[in-house]
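Residues per chain are reported as follows:
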Amino acid sequence: MSKTLLLEIGTEEIPAYAMPGIISQLKENAEKTFTDLRLSYDNVKTMGTPRRLALIVEGLAENQEDLSKENRGPAVNIAFDADGNPTKAAQGFARGQGIDAKDLVTKDGYVYAMVHEVGGKTIDLLSDTLKGLVDGLNFPNNMHWADLDYKFIRPLRWLVGLYGEDVIDFETANVKSGRISRGHRFLSDGDFEIKCACSYEKACEEQFVIVDHNRRREMIRQQIVELAESKGGKAQIEEGLLEEVLYLVEYPTALCGTIDDKYLKLPAEAVITPMRDHQRYFPVLKDGKLMPLFITIRNGGSEHLEVVQHGNERVLRARLEDAQFFFDEDRKKSLEEHCDKLKTVVFQEGLGSIYDKAGRLEKLAAYIAEQLKVSEQEKKDAVRAAKLCKADLVTGMVTEFTELQGIMGREYALLDGENEAVAQAIDEHYMPRSASDGQPASVAGRIVSLADKIDNLVATFSRGLIPTGSQDPFALRRQALGMVNMLVEAKYHISLSGLVAKAMELLDITDAKAQAKMQDDVADFMKLRLKNVLSDAEIRYDVVDAVFVDVDDIYSVTLRAQAVNEAVKKEGMEETIQSFNRAGNISRKDEKVAPGCDASLFVEAAEGVLNDEFKVASAKVEGLMKNQDYAGAISELTKLAAPIDGFFDSVMVMDKDEKIKNNRLGLLKAVDQLICKVADFSKIVLG
């Protein structure tokens, strides 16, 4: 037999951002707890609203499963004396297991206690279990209340514990469990009784609480879509906003408000940002253009919606009036004229102002454009965008609505008559702004974005502020990952060390030791981001290690990794790698010997054969690598396996004659260095 278990944790309103993690955590904890208790169940479901967390365990068995196990004791020669009688060791072990010594079983040279534990009744276990589930929750932030030495994300107000129709008694934070829950703050009659765990959701809905967050989410989405369509438009539903609104309401009702047409003359983002990010409203579009409407979600029913509508319109109107004021003030100057005010904004301690940074970005953009061999117009656009890209930081609009940085720069640039490419690059240079954001789409945007990110990395590293652990106040990990993804997606070949060197030059980092350390630090930092990208692309970890011999050209590294990853799967490649490793293992031991050889010192024919094959392969591999055909390069390198094996079969490398020995080592070292241009195959795990 089985019953449904209900645990409801009633609180004051929990912050929306924390709810998804708490709901997930409660489910994981419950599943582990019931598994550890040997309590079988059909399904574990967790739900939540701003004021409650709910756990429903369907089909929870009324009894624990019985447990049979073998517990190993002392060795046989210790457990029994010469006459076969149990020793004190055996007797003590048996007593500890709750059995008689005569019931011990011998096996594998040890004695075992065969223990059978009868499962207890579920209802006897639930008081401690439910209390443990409540107390065991962890939160990003905690609160204390009253004079209690107890922490929870928000004060506890009620607890419900039911197993079928039976109340599970427990107490925590001076709150006792029962069958009384609380309905919607304004629509319900207040407290209500839950007669049975299986009727929980229905009972909540009768009190205007849609407790299942998944159902509530779809209700909200459907209401928004239908309301927008009824107005002849399409709602812009951002999933992050939908998730936030979801945990702000218990009984959702969508309503539509209007926006004064005069505000639609503002750039669309200047209207949408205060609407969405500050008021949590959903914009309505028609043919891609903003309509003078917004949709919001009320935590309540459909009564007196016009009153709620007018209240929301009044609040939004005040926000948009601010936006209009800041926009008008900003437009009294051109975007370029705002640049001078950047001199008053500190970039980082000891690194000058944002104005100084913008100057560096101009030079970095020009350098990157030259390295990428873009057109003169693209270079000109990138340099111009770099000059203007930070100017909007000192505008009133961005000061008030910081989410609009880059976006307002783009809009103001267009209004000033800057060309589309420059305006787009100003916006794109911040990309990706988040984990879900895309990469810059334009050439100028990529160039300025690369310039900004490498300047941020080098400048911050120069202060010794390399991210460690979870600390990354300047979001350098995200920026470095953005660089890696950008270079790969755009298929850009550019030297990382060259970028770092140029950034150091512009930051006036001249000490040779500091420069060398900076190159190492940035390369190591980028390697970790690149390793994540390759791992996501399902590249073997040992292949990643093999191609990390040189990461100066990040895009080339990804191409080499893909080629090696495919090559190692091919039949016969394991034997080829073993041949490569034979050449590397012996030649790397002597660092004094330079790569290369003198054919006049060859004694055995196999030396000449390997040298000839090496010359042919070297010419072909260099050409193939220049064209990024790494699969072709590996194919050519595999042809060296046979002559390498023939060399070792016929030649004693460590000859008594020092010249002959070094000549043979130099030949092998040249072969090894050629192979390592593609990958260090000694890193590949064989077998």
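Everything below is about the structure shown above.
Here goes a summary of the coordinates provided. Here the structure is a predicted model, which is why all the values come from computation and not from measurement.

Taken as a whole and judged by the stated rule, the model has 11 aromatic pairs. An angle of 65° between the planes, with centres 4.6 Å apart, marks the rings of Phe139 and Phe152 as edge-to-face. Within this pair, whereas Phe139 is found in the loop between helix 4 (122-135) and strand 7 (156-163), its partner Phe152 is found in the loop between helix 4 and strand 7, the two being separated by 13 residues in sequence. Across the pair, exposure class does not vary: Phe139 and Phe152 are buried alike.

Another aspect to go through is the sheet that holds strand 6 (residues 110-117). Taken in spatial order, the three strands of this open sheet run 4-6-5, and their pairing is antiparallel. A strand with exactly one partner marks an edge of an open sheet, and here the two such strands are strand 4 (67-75) and strand 5 (105-107). Across the sheet, the mean angle separating the axes of adjacent strands is 35° when strand polarity is ignored. Relative to strand 6, strand 5 runs antiparallel, the two being bridged by three bridges. Counterpart to Thr106 in the pairing with strand 6 is Val111. Its contacts with the sheet place helix 3 (residues 88-97) against strand 4 and strand 6, and it is angled at close to 160° to strand 4.

Packed helices, taken two at a time, are described by the angle between their axes plus the distance between the axes. Where helix 11 (residues 354-372) contacts helix 18 (residues 496-506), the two axes come as close as 10 Å, and the packing angle between them is 150°. Judged by the inter-axis angle, helix 11 sits roughly antiparallel to helix 18. For the pair helix 11 and helix 18, the crossing hand works out as right-handed. Residues Arg360, Lys363, Leu364, Tyr367 and Ile368 of helix 11 pack against Gly498, Leu499, Lys502, Ala503 and Leu506 of helix 18. Residues that form the contact of helix 11 with helix 18 fall into these classes: six nonpolar, one polar and three charged.

Attention now moves to helix 4. One turn of the α-helix equals 3.6 residues, which is why residues spaced by three or four share an orientation. With 14 residues, helix 4 should cover 20 Å at 1.5 Å per step; its first-to-last C-alpha distance of 20 Å lies within 8% of that length. Asp128 marks where helix 4 bends most, by close to 30°. Those residues of helix 4 not exposed but buried are Thr122, Leu126, Thr129, Leu130, Leu133 and Val134.

To summarise the sheet geometry, strands pair through backbone hydrogen bonds and adopt either a parallel or an antiparallel arrangement. Ordered by their spatial adjacency, four strands build an open sheet running 13-15-16-14, and the pairing between neighbours is antiparallel. Both outer strands of the open sheet, strand 13 (234-235) and strand 14 (252-258), are each paired with one neighbouring strand and no more. Pairing of strand 14 with strand 16 (residues 289-299), which is carried by seven bridges, proceeds in the antiparallel orientation. Residue pairing in the sheet places Leu255 in a bridge with Thr296 of strand 16. Across the face of the sheet, helix 9 (residues 305-330) comes into contact with strand 14 and strand 16 while running at roughly 55° to strand 14.

This part covers helix 7 (residues 239-246). Burial in helix 7 covers these residues: Leu241, Leu242, Val245 and Leu246. Projected onto a plane normal to the axis of helix 7, the buried residues spread over an arc of 140° and lie on a single side. Lining the buried residues of helix 7 we find helix 6 (213-230), helix 8 (268-278), strand 15 (282-286) and strand 16.

With respect to the element layout, Asn532 can be found in helix 19 (residues 512-536). Given a relative accessible area of 41%, Asn532 falls into the partly exposed group. Between the alpha carbons of Asn532 and Lys202 there is a distance of 46 Å; along the sequence they are 330 residues apart.

Conventions adopted
Residues numbered from 1 in each chain as written. Predicted model: local features only at pLDDT ≥ 70, side-chain atom pairs only at ≥ 80, totals over all residues. Heavy atoms only, no water. Phe/Tyr/Trp six-rings, centres within 6.5 Å; stacked < 30°, edge-to-face > 60°. Helix = DSSP H or I, 4+ residues; strand = E, 2+ residues; numbered from the N terminus. Buried < 20%, exposed > 50% of the residue type's maximum accessible area, 1.4 Å probe, protein only. Pairing = 2+ DSSP bridges. Axes fitted to C-alpha atoms, helices over the stretch in contact; angles between N-to-C directions. Contact = heavy atoms within 4.5 Å. Parallel < 35°, antiparallel > 145°, perpendicular 65-115°, else oblique. Left-handed = near helix turned anticlockwise from the far one by under 90°. Nonpolar A, V, L, I, M, F, W, Y, C, P; charged D, E, K, R; others polar. Expected span 1.5 Å × (residues − 1). Bend = angle between axes of the 7 residues up to and from the residue. Arc of directions from axis to C-beta.

No statement about biological role is implied by the geometric values presented.
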